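Analysis of the macromolecular model
So the chains spell out like this:
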Amino acid sequence: MSPLSPARSVAPRAQTAPVRPVPTRWAAPGTITPVGTGTGAGATSRPAGRAGQSHSAGGSGGTGGSGHHGPQRDAEQAGGTSSAILAAVASGVATDRATLARRLGLAPSTVTVKVGELIAAGVLAEAGAASATGGRPARVLRLTPGGGCILAAELGRHHARIALLDMSGALVRSADLALDVAAGPEPVLEELVTAWTELRGAIPADAVRAVGVALPGPVSSRSGAVDSPAAMPGWHRFPVGAHLSQRLGLPAVVENDANAMALGECTALATAPPAAEADGTAGAGAPATGGPANLLFVKAGSSVGCGLVLDGRLYRGATALAGDLAHVVVGATGDAPCNCGNRGCLDTVVGGSYILADLRARGIEAHQPLDIARLVGDGDAQATTRVRAAGRLLGQTLSAVVNFVNPDAVVLGGLLSTLEPFVAAVRSQLYENCHPLATRDLRIEQSAAGADAGVLGVGQLALRQAIVAL
Ligand SMILES: [Zn+2]
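Not measured: the values here are computed from a predicted model.

1. Observations regarding the overall build of the protein chain
- Check the secondary structure of the protein chain and you find 13 helices and 13 strands.
- In the protein chain, which comprises 470 residues, the share counted as buried stands at 53%.
- Residue pairs in contact within the protein chain that sit at least 24 positions apart in sequence constitute 71% of those at least 6 positions apart.

Quick look at the structure:
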């Protein structure tokens, strides 16, 4: 098994520690979908522990072509209200029922039902009475110590980022794992399971409520399998969600990596919550928090991908292909052959693997994406020129998308987005080519969530599945 290497130092803390403030996701007006009180498993008491063996496997959001909602999509919506409540409680934005209703724009009766379900399931606990501002004492809610956790992973071609999240969706710790996705689904997923076991450490297996995996390829909206993934030989139509669900006896969610990153970035960009008051409640009347409602996340790594959040929701399109920027045919590519079988795709200029091949063809030693970063960092003229050309073409192509979608933010992630010449080229092309109204208030930023964007996003989806399965 590949050894785990600690990733970014994400303040490892015991599962029982008080939850640190995190941005409240999905809390902006319009981002919450209040659901009927009949969703979920009701208030049946179940101690914190492993979910049953009968969970259906996750699909990619189950957008199901032709507008049908699949089971995962339904669960996402059903779990959305409860996960928003958990996030608000964990961040200190709202820790009593009345404040939750006000801040999340929910009916008090809905909050009462959902909070009751979460308490019965052992995820939330009443931390005793505290005096509200001048009114009668409000019962303060807290995440239950040991109330459960979520395991997430984002797979690349040669590595995986794995993470442990708490039941508010906040990152507890993450790590990097070296693996070769071309080894095929079963050995790779088994490696993942072993790495997750190591990551959770002393946390018992039955505290894990769900798992989520982000994959570098199109994820079928119906089956939760990757569909024709160019970079994942042997994975075509392998039922990743069903396999993991059966292997672990847990709900399992599968999502495209760029989609997961878009969701994760929304979490990271959410406005920091107002400081909690001494009694643990947030300031009344403070502005609602939330990430940008319309966000375009571009992952520029070995390949280029895009995730779209529109009106606070992940947009997957009719067949879950939305955001597939890599294989948009762009005349300026010079009709180069692409690994999808077509010619002239954007990826042949912007994809890291093609940049590496170009540099090697010019006699430069460059074999992995980090080599590009090293060369640019060292001031190599050819590498810098090539990366700048990639940024320019990406910016030109993106400008059509930005005009069309009119997002609040364009977020650049992936290895190339850590390189200044690349980011500067994208930015200048967007400003040059977009309608002034589209860029007037547009935020063009490097990813705030960084390497954790994918695990945060797919962890959020897994959390919603877990809540429904409570
Ligand atoms: Zn292509």
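2. Considering the sheet that holds strand β11 (residues 313–315)
- The strand order across the open sheet built from five strands is β11-β10-β9-β12-β13, with neighbouring strands paired in mixed fashion. Each end of this open sheet is capped by a strand with a single partner; those strands are β11 and β13 (443–446). On average, each strand axis in the sheet is tilted by 25 degrees relative to the strand beside it, whichever way the strands run.
- Examined bridge by bridge, strand β9 (residues 295–300) and strand β10 (residues 304–310) share six bridges and lie antiparallel to one another. What sits directly across from K299, in β10, is G305.
- Strands β9, β10 and β12 (409–413) of the sheet are contacted by helix α10 (residues 381–405), whose axis makes an angle of about 160 degrees with β9.

3. Observations concerning the pairing of strand β8 (residues 252–256)
- Within β8, five of the five residues are buried, which leaves the element mostly enclosed by the surrounding structure.
- Here β8 shows no split at all, with A252, V254 and N256 on one side and V253 and E255 on the other all buried.
- For strand β7 (residues 208–215) and β8, the ladder comprises five bridges, and the chain directions are parallel. Bridged to A214 within β8 is E255.

4. As for the confidence of the model for the protein chain
- On average, residues of the protein chain carry a pLDDT of 79, and 77% of them reach 70 or more.
- In the model of the protein chain, strand β1 (residues 4–6) stands out as the element of lowest mean pLDDT, 50, in contrast to helix α11 (residues 420–433), which has the highest, 97.
- Confidence over residues 5–69 falls short of pLDDT 50; this stretch has 198 contacts with residues more than four positions distant or in other chains.
- The low-confidence segment residues 271–289 (pLDDT under 50) makes 44 contacts with residues lying over four places distant or belonging to another chain.

5. Remarks on the nonpolar core
- By size, the foremost hydrophobic cluster in this structure holds 131 residues, and its most contacted members are I85, A152, V211, V213, A262, V410 and A462.
- Ranked by residue count, the leading element in this core is helix α13 (residues 453–469), at 11 residues.
- Both domain 1 (1–292 + 451–470) and domain 2 (295–405 + 408–441) contribute no fewer than three residues apiece to this core.
- Once you skip the residues sitting within four places of it in the chain, A152 turns out to touch A163, L165, V211, G212, V455, V458, G459 and A462.

6. Focus: the environment of R103
- Relative to the helices and strands, R103 resides in helix α2 (residues 97–104).
- Separated by 10 residues in sequence, R103 and V93 have C-alpha atoms that sit 8.1 Å apart.

7. Let's talk about the packing of helix α9 (residues 369–377) against α10
- Remark: α9 packs on α10, axes separated minimally by 8 Å, with the N-to-C direction vectors making an angle of 115 degrees. Judged by the angle between their axes, α9 and α10 are roughly perpendicular. Considering how the two elements wind past one another, α9 and α10 form a crossing that is left-handed. Judged by residue contacts, I372, L375 and V376 of α9 engage A383, T384 and V387 from α10.
- For the contact of α9 with α10, a count of residues per class yields five nonpolar, one polar and no charged.

8. Focus on α9
- Inspection of α9 places P369, I372, L375 and V376 among the buried residues, and these make up the whole buried set. Down the axis of α9, the buried side of the element spans an arc of 115 degrees, and every buried residue falls inside it.
- Against the buried residues of α9 lie α8 (352–361), α10 and α11.
- Count one or two residues on from α9 and you reach G379, which has phi positive near 80 degrees.

9. Remarks on the packing of α10 against α11
- Across the interface, α10 lies against α11 with an axial gap of 7 Å and an inter-helix angle of 35 degrees. The chirality of how α10 crosses α11 is right-handed. Seen from α10, the contacting residues are T384, V387, R388, A390, G391, R392, L394, G395, Q396, L398, S399 and V402; seen from α11, they are P421, F422, V423, A425, V426, S428, Q429, L430 and N433.
- Broken down by class, the residue content of the contact of α10 with α11 amounts to 11 nonpolar, eight polar and two charged.

10. A few points about unusual backbone geometry
- Positive phi outside glycine occurs at D335, with the angle close to 65 degrees.
- As for its placement among the helices and strands, D335 is situated in the loop between β11 and α7 (347–350).
- Exposure remark for D335: the 13 C-beta atoms within 10 Å place this residue in the partly exposed category.
- A positive phi angle is found at N406, which is not glycine, with a value near 55 degrees.
- With respect to the helices, strands and loops of the structure, N406 is situated in the loop between α10 and β12.

11. Observations regarding the environment of S428
- Relative to the helices and strands, S428 resides in helix α11.
- For the pair S428 and G391, spaced 37 residues apart in sequence, the C-alpha separation works out to 9.3 Å.

12. Quick look at the environment of V89
- Looking at where V89 falls in the secondary structure, it is placed in helix α1 (residues 71–91).
- Take V89: there are 29 C-beta atoms within 10 Å of it, and that puts it in the buried class.
- Put simply, V89 and S168 are 79 residues apart on the chain and 8.1 Å apart in space, counted from C-alpha to C-alpha.
- For V89, the contacting residues outside a window of four places in its chain are A94, T95, L124, L141, R142 and L143.

Here is what the cut-offs are and how they apply
- Residues numbered from 1 in each chain as written.
- Predicted model: local features only at pLDDT ≥ 70, side-chain atom pairs only at ≥ 80, totals over all residues.
- Helix = DSSP H or I, 4+ residues; strand = E, 2+ residues; numbered from the N terminus.
- Buried ≥ 20, exposed ≤ 12 C-beta atoms within 10 Å, placed from the backbone.
- Contact = placed C-beta atoms within 7 Å.
- Pairing = 2+ DSSP bridges.
- Axes fitted to C-alpha atoms, helices over the stretch in contact; angles between N-to-C directions.
- pLDDT = per-residue confidence, 0-100.
- Core = buried A, V, L, I, M, F, W, Y, C linked by C-beta atoms within 7 Å.
- Domains from an automatic or database assignment.
- Parallel < 35°, antiparallel > 145°, perpendicular 65-115°, else oblique.
- Left-handed = near helix turned anticlockwise from the far one by under 90°.
- Nonpolar A, V, L, I, M, F, W, Y, C, P; charged D, E, K, R; others polar.
- Arc of directions from axis to C-beta.

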